[in-house]
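Descriptive analysis of the structure
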Amino acid sequence: MGDSLRERAGAGERLVGVLLRMPAEELVEMAAVTGFDFVLVDCEHGAGDVLALRQHVAFAAVHGVPVVVRVGSGDPGMVLRVLDQGAEGILVPHVDDAAQAAEAVASAHYPPLGQRGFATYSRAGRFGTVDPGTHREDQLRRTLVLGMVESPAGVAAVDEILRTPGMDGVMVGPADLAAVSGPDDPSPAESTARVNAAVAAGGKLRMDIVGNAAAATAAFADGANFVVYNLAHALMAHLAELRRAKP
C-alpha cells in the first residue's frame, strides 16, 4: 500500500483531481487513465447511494486512484459507510465553527481521536484479513479530513476550525460563500484570502476548486495542496465550444 493522499500532500506534493457526481464509472476510469491523482465524488449535491458509491470506490481502486467523498453536512452515518467502503478521506460541507469541525473528525476517526464505529470486515479492512491494530493505525495515518468554509461565520471561525485536532485542512466553497455573503460582510475574494492565509499560517492543507488549467496553475502557485476540477463545468464548457463550430 503506497502513501496516502494525506501523506503525499503533507510531504509537499501537489495533487490534482476531478469532482464528479454518480453515476460516473467511465469518468472515473478516464480520470485514472489521464493520470489524475484522485477523484472527489460528490454525495452532497449528487446521489448519496452507498451501493453506487461502493462501486465507484472499488472501480477507482482497480486503477490505483484514491477517492475522497464530499458527504452531506452533519451525517456521521454516511461518513462511517464512506470510509468503510475504502474512501481515503471526506470533505464535509458547511463547517461554520470548531464544534462542527470536531464532529467531522469524530465521525471519521476511530477512538481515541474520534467515535467512528470499529470494523475490519469491510473493504477498508480487506474483509477482515487485516490485523485490527494495524487497521486502526493505518486508518488514523491515512484518513484525510477536510472541511468546507462556505459562510461568513465559517470565515470568522477559520482559525478555531483549523486548530481542531484531526482537521487536516479546508476548502473554500465559492458558490455558497458568494450566495450567503451580504453587503456588510467581507467580499468573497477577501474572505477567501483570509481563509487561505489562516491555512498557511496553521500549516494545514488547502483544497481549491477550479474551472480550468490556468486557474489550477494559479492556485498551486498561491499555496494550494489539492486542486480539483469541477468536471461538469469543464465538460459543459467544452461542449459549448464544440457546439459553436456549427455554421
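Residues numbered from 1 in each chain as written. Predicted model: local features only at pLDDT ≥ 70, side-chain atom pairs only at ≥ 80, totals over all residues. Heavy atoms only, no water.

1. Side note on the UniProt feature "domain: HpcH/HpaI aldolase/citrate lyase" (unreviewed entry) in the chain
Under the UniProt annotation, "domain: HpcH/HpaI aldolase/citrate lyase" (unreviewed entry) lies at residues 25-224. Helix makes up 48% of residues 25-224 and strand 14%, whereas the separation of the span's terminal C-alpha atoms amounts to 27 Å. (UniProt positions renumbered as here; feature names shortened; annotations may be inferred. Helix = DSSP H or I, 4+ residues; strand = E, 2+ residues; numbered from the N terminus.)

2. Considerations on the pattern of salt bridges
Scanning all chains against the criterion turns up 14 salt bridges. The shortest N-O distance in the salt bridge between Arg 6 and Asp 168 comes to 2.9 Å. Taken together, the positions of Arg 6 in helix α1 (residues 5-10) and Asp 168 in the loop between α8 (158-162) and β6 (169-172) put the pair 162 residues apart, joining distant regions of the chain. Arg 6 gets classed as partly exposed once you look at its relative accessible area, which sits at 26%. One salt bridge connects Arg 142 with Glu 88, and the closest N-O pair in it is separated by 3.0 Å. Here Arg 142 is found in helix α6 (residues 132-142), whereas its partner Glu 88 is found in the loop between α4 (76-84) and β4 (89-92), with 54 residues between them in sequence. Considered together, Arg 142 and Glu 88 belong to a single accessibility category, that of buried residues. Here the salt bridges do not stand alone but share partners, grouping Arg 21, Asp 42, Glu 44 and Arg 70 into one network. (Salt bridge = Lys/Arg side-chain N within 4 Å of Asp/Glu carboxyl O. Buried < 20%, exposed > 50% of the residue type's maximum accessible area, 1.4 Å probe, protein only.)

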